[in-house]
Amino acid sequence: MTRLYLSNDTSARAAGADRLAQAWAHVPDVELVRTSSRGAFFLEPLVERDRPGGRMAWPNAKPEDLPNILAWVGGTPVDDIPFLADQRRATFENFGITRPLSLEEYQRRGGLKGLERAVSLAPDAIVQELKRSQLRGRGGAAFPVWTKWQVAKDQAAEQKYVVANADEGDAGTYCDRMIMEGEPFRLIEGMLICAKAIGATRGYIYCRQEYPAAAQTLREALTIAERAGLLAVEGIPVHLDVFLGAGSYVCGEETALLESLEGRRGVVRAKPPYPALSGLYEKPTIVSNVLTFATVPSILARGGAWHASLGTDQSRGTMTLQVGGRVKQPGLVEIPFGATLAEVIERFGGGMAPGARFKAVQVGGPLGSLFPASGLDIPICYDAFARAGAILGHGGIVVYDDATDMLDLARHFMAFTADESCGKCTPCRIGSVRGREILEQLQAGRGRSGDLDLLADLSETMKAASLCALGQRAPYPVLTAIEHFPGEFRKN
Amino acid sequence: MSKPALAVLLTRHPRKPPNILQTLLEVQASLGFVPADALPEIARSLDVTEADVAGVLSYYPDLRTARTGRHLIRVCLGESCMANHGAKVLDRLRAHLKIEVGETTRDGRVTLERTYCVGTCPVGPSLVVDGDVIGRVRPDQIPALLEEYQ
Ligand SMILES: Cc1cc2nc3c(=O)[nH]c(=O)nc-3n(C[C@H](O)[C@H](O)[C@H](O)COP(=O)(O)O)c2cc1C
Ligand code: FES
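Our subject in this report is the structure included herewith. (Residues numbered from 1 in each chain as written. Chains lettered and ligands numbered in written order. Predicted model: local features only at pLDDT ≥ 70, side-chain atom pairs only at ≥ 80, totals over all residues. Heavy atoms only, no water.)

A separate point is the sheet that holds strand β10 (residues 239-244) of chain A. Residues and elements named next belong to chain A. An order of β10-β7-β6-β11 is seen for the 4 strands of this open sheet, with the pairing classed as parallel. Each edge of the open sheet carries a strand with a single partner, namely β10 and β11 (285-289). Pairwise comparison of adjacent strand axes, ignoring direction, gives a mean angle of 20° for this sheet. Two strands pair when backbone bridges link them, and strand β6 (residues 161-166) and strand β7 (residues 202-207) are joined in this way by 6 bridges, in the parallel orientation. Each bridged residue has a counterpart across the sheet, and for Ala166 the counterpart in β7 is Cys207. Those strands touched by helix α13 (residues 290-302) are β6 and β11, and its axis lies near 95° from that of β11. (Pairing = 2+ DSSP bridges. Helix = DSSP H or I, 4+ residues; strand = E, 2+ residues; numbered from the N terminus. Axes fitted to C-alpha atoms, helices over the stretch in contact; angles between N-to-C directions. Contact = heavy atoms within 4.5 Å.)

Set out below in structure tokens:
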């Protein structure tokens, strides 16, 4: 029996993995094991086969490649793929190797060690370990994780909650989806450690509706974990449930998310109070990103000092980047903070896709700034980006080619904000609509003098007076587009 | 839907405290949409006002008040797919189906929608047809692809 490995990740399936699975389903003596994905999506569907010393890989496999694979013809050792070999995987170290729903394989590769350690520690000691790690939230705001846990831990409340933010709204990002589909037990382990630290007995994973496979995998993983007796802390059951969103970007904002979890319109709440004090049903609640929770098990297992030893002064640990757009090698890149944007695009992205010429790159999702070719030597870390008025966000890196119309892109950004504004504050609700209208007029050749000044004024108001980062950050991609490509906004 | 069937649905997963959004998602999961005439009963089952239910229903883009066509095609207009010129895929679909985003073909065959990212960015541009994600879509594949969905 020959065992072959093929990813079951949605991206691999969208690239044709299921076609291979169907074609080879009835081939005698071939067993096809569906795993998570390595994240080297430009190579998917990627078929692997065991060999002493490490797996062999057949990239971009087609059904008719099976005879070659069985005869060991044309493969490459996985360890020789530079895109993977040059990374420093921690949270994603098992990706592409294990079966997502095998608790046994998860444990064999070090899973549940963090939880075991946490169980042996007092809540204070767990929070101290996180403090030592200097882990900052990976959902976008980069807030120190331990301070939130400390606040929630110190509350005396009969009910506390732990909530995973799986809304992953930033277009161009998918690392949360990969975790939920590929190693759901890691997320569950991180949430249980948090539950133990703060004393929560209930938790929710708020998963965007666009991720049906992630929600399904998580539900199955929760059932398996329950049967294995994992969903308890010191004998007290911890109930975890998956909740689905319904297509609203602003529901990724933590207070809007809580409103939505309670079943209402996902409208942003004024802060303070912060959720750690008063969150779901006004109870102390930790809302953290999926990747943040998934980073916690390794911190407990290997120690906070290990995490703090990676990265740069203000940005410790690894950064999970999702390099995409018009690069040759789109995929997931986990490396310590500190490499420059140029290095990441060249070394991992492999430069531009055939025939494409670089125009600009956007970092940090739809609220992230655009960088021109001259701005790429910025190091990937929170402080350098903050100094540049930019954000790393959830690690999305989208490269645009020179066929991209910047005026149209700017209009797209404003239209997106206008669509997604929750409507609670005026600067965001009205500002985004006016901004979109101005750009539409320019596009239609009906621009008037002073339009760009008006847009700049409007942007300042949105930045200063909006209630949440949606309105506060929405002007940045538009303003950086105008700053770096002014000629395209003077067409009329 | 018949009154008793809706009642069964509404009592199947009693949630405490009652949750409007999840209830509407459950109704939609079984009917394909949330019929306007179901609002009073939904409101009653949750012990909230009809206005509360209507407010939630109108807020979320993915809650629908009308049936879709036999096939639902969603085109990704997230930034990564935009960078990969996914807008051309959308243009091709609009031209071929002769409908705009948000519309259904006259024969009820296809509803066309846009979405902002389905998480398959590295194999974009992405399309979701009846829940299946199709990656690396080229505009010139559209006519053949549509043939498969009658
Ligand atoms: C408009 C908006 C959308 C957001 N979307 C997300 C999201 O999709 N996922 C996420 O984890 N955080 C999102 N955030 C950040 C959350 O408000 C919050 O900071 C985060 O969930 C905290 O988790 P962390 O500390 O692990 O980063 C968003 C914020 C804003 C203002
Ligand atoms: S931007 Fe289209 S799938 Fe992410």
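Take helix α7 (residues 123-133) of chain A next. Residue and element names in this part refer to chain A. Buried within α7 are the following residues: Ile126, Val127, Glu129, Leu130 and Ser133. Buried residues of α7 fall within an arc of 155° about the axis and therefore sit on the same side. Where α7 is buried, its residues meet α6 (113-119), α8 (145-154), α10 (184-198), α13 and α14 (304-308). A positive backbone phi angle near 55° is found at Gln134, which sits one or two residues after α7. (Buried < 20%, exposed > 50% of the residue type's maximum accessible area, 1.4 Å probe, protein only. Arc of directions from axis to C-beta.)

This next bit is on the interface of chain B and chain A. Listed per partner, the contact involves 39 residues of chain B and 54 residues of chain A. Together chain B and chain A conceal approximately 3500 Å² of surface at their shared face, both sides included; 56% is due to carbon and sulfur atoms. Looking only at chain B, the three residues that lose the most surface to chain A are B:Tyr59, B:Glu79 and B:Tyr116, adding up to 22% of its buried area. Where chain B packs against chain A, one counts 1 salt bridge. Put simply, A:Asp419 and B:Arg114 hold a salt bridge, and the shortest N to O gap is 2.7 Å. Counting across the interface, chain B meets chain A through 22 residue pairs in polar contact (both at pLDDT 80 or more). Mapped by element, the contributors of at least two residues to the side of chain B that touches chain A are α2 (20-31), α4 (50-59), α5 (79-83), β2 (110-115) and β4 (132-134) of chain B. (Buried area = accessible area lost by both parts, 1.4 Å probe. Salt bridge = Lys/Arg side-chain N within 4 Å of Asp/Glu carboxyl O. Polar contact = N/O pair within 3.5 Å; in protein donor to acceptor, adjacent residues only side chain to side chain.)

This part covers the nonpolar core. Soluble globular proteins tend to pack their nonpolar side chains together in the buried interior. By size, the foremost hydrophobic cluster in this structure holds 87 residues, and its most contacted members are A:Leu261, A:Leu439, B:Leu24, B:Ile42, B:Leu93 and B:Leu127. Ranked by the residues each element gives to this core, the list is headed by helix α17 (residues 406-420) of chain A, at 7 residues. Beyond its immediate chain neighbours, meaning those up to four positions away, B:Leu93 contacts B:Ile73, B:Val75, B:Lys98, B:Leu112, B:Leu127, B:Ile142 and B:Leu146. Counting 69 residues, the second-largest nonpolar core is a separate cluster that includes A:Phe95, A:Ile193, A:Val238 and A:Val296. (Core = buried A, V, L, I, M, F, W, Y, C linked by side-chain atoms within 4.5 Å.)

The next point concerns the environment of A:Glu44. Inspection of the secondary structure puts A:Glu44 in the loop between β2 (30-35) and β3 (47-49). The exposure class of A:Glu44 is buried, given its relative accessible area of 2%. Taking C-alpha positions, A:Glu44 is 9.2 Å from A:Trp58, a pair spaced 14 residues apart along the chain. The contacts of A:Glu44, once residues within four sequence positions are left out, are A:Ser7, A:Ala12, A:Ala15, A:Ser37, A:Arg38, A:Asn60 and B:Arg136.

Okay, the site of ligand 1 next. Residues and elements named next belong to chain A. In the neighbourhood of ligand 1, 20 residues make up the surrounding shell, with Gly139, Asn165, Glu254, Asn289 and Thr292 lying closest. Within the side chain of Asn289, an N or O atom sits 2.8 Å from an oxygen atom of ligand 1. Measuring from an oxygen atom of ligand 1, one finds a side-chain N or O atom of Thr292 at 2.7 Å. Those elements that place two or more of their residues in the shell around ligand 1 are β11 and α20 (469-473). For the shell around ligand 1, the element with the most residues is β11, which contributes 3 residues. Class assignment for the residues of the shell around ligand 1 results in 6 nonpolar, 8 polar and 6 charged. (Near = heavy atom within 4 Å. Nonpolar A, V, L, I, M, F, W, Y, C, P; charged D, E, K, R; others polar.)

Residues and elements named next belong to chain A. The element strand β12 (residues 318-325) is extensively covered by neighbouring structure, given that 8 of its 8 residues are classed as buried. Where β12 lies against strand β13 (residues 331-336), 6 bridges are found, and the strand directions are antiparallel. Looking across to β13, one finds that Leu321 is bridged to Val333. In this antiparallel pair of consecutive strands, β12 and β13, the connection spans 5 residues. As paired strands, β12 and strand β16 (residues 396-401) are joined by 4 bridges and run parallel to one another.

Overall, the coordinates contain 41 salt bridges over all chains when judged by the stated rule. The salt bridge involving A:Arg269 is made with A:Glu262; its shortest N-O contact spans 3.0 Å. Like A:Arg269, the residue A:Glu262 is buried in the burial classification. Here B:Arg74 makes a salt bridge to B:Asp62, at a shortest N to O gap of 3.0 Å. Remark: B:Asp62 occurs in the loop between α4 and β1 (71-76) and B:Arg74 occurs in strand β1; sequence separation between them is 12 residues. Across the pair, exposure class does not vary: B:Arg74 and B:Asp62 are buried alike.

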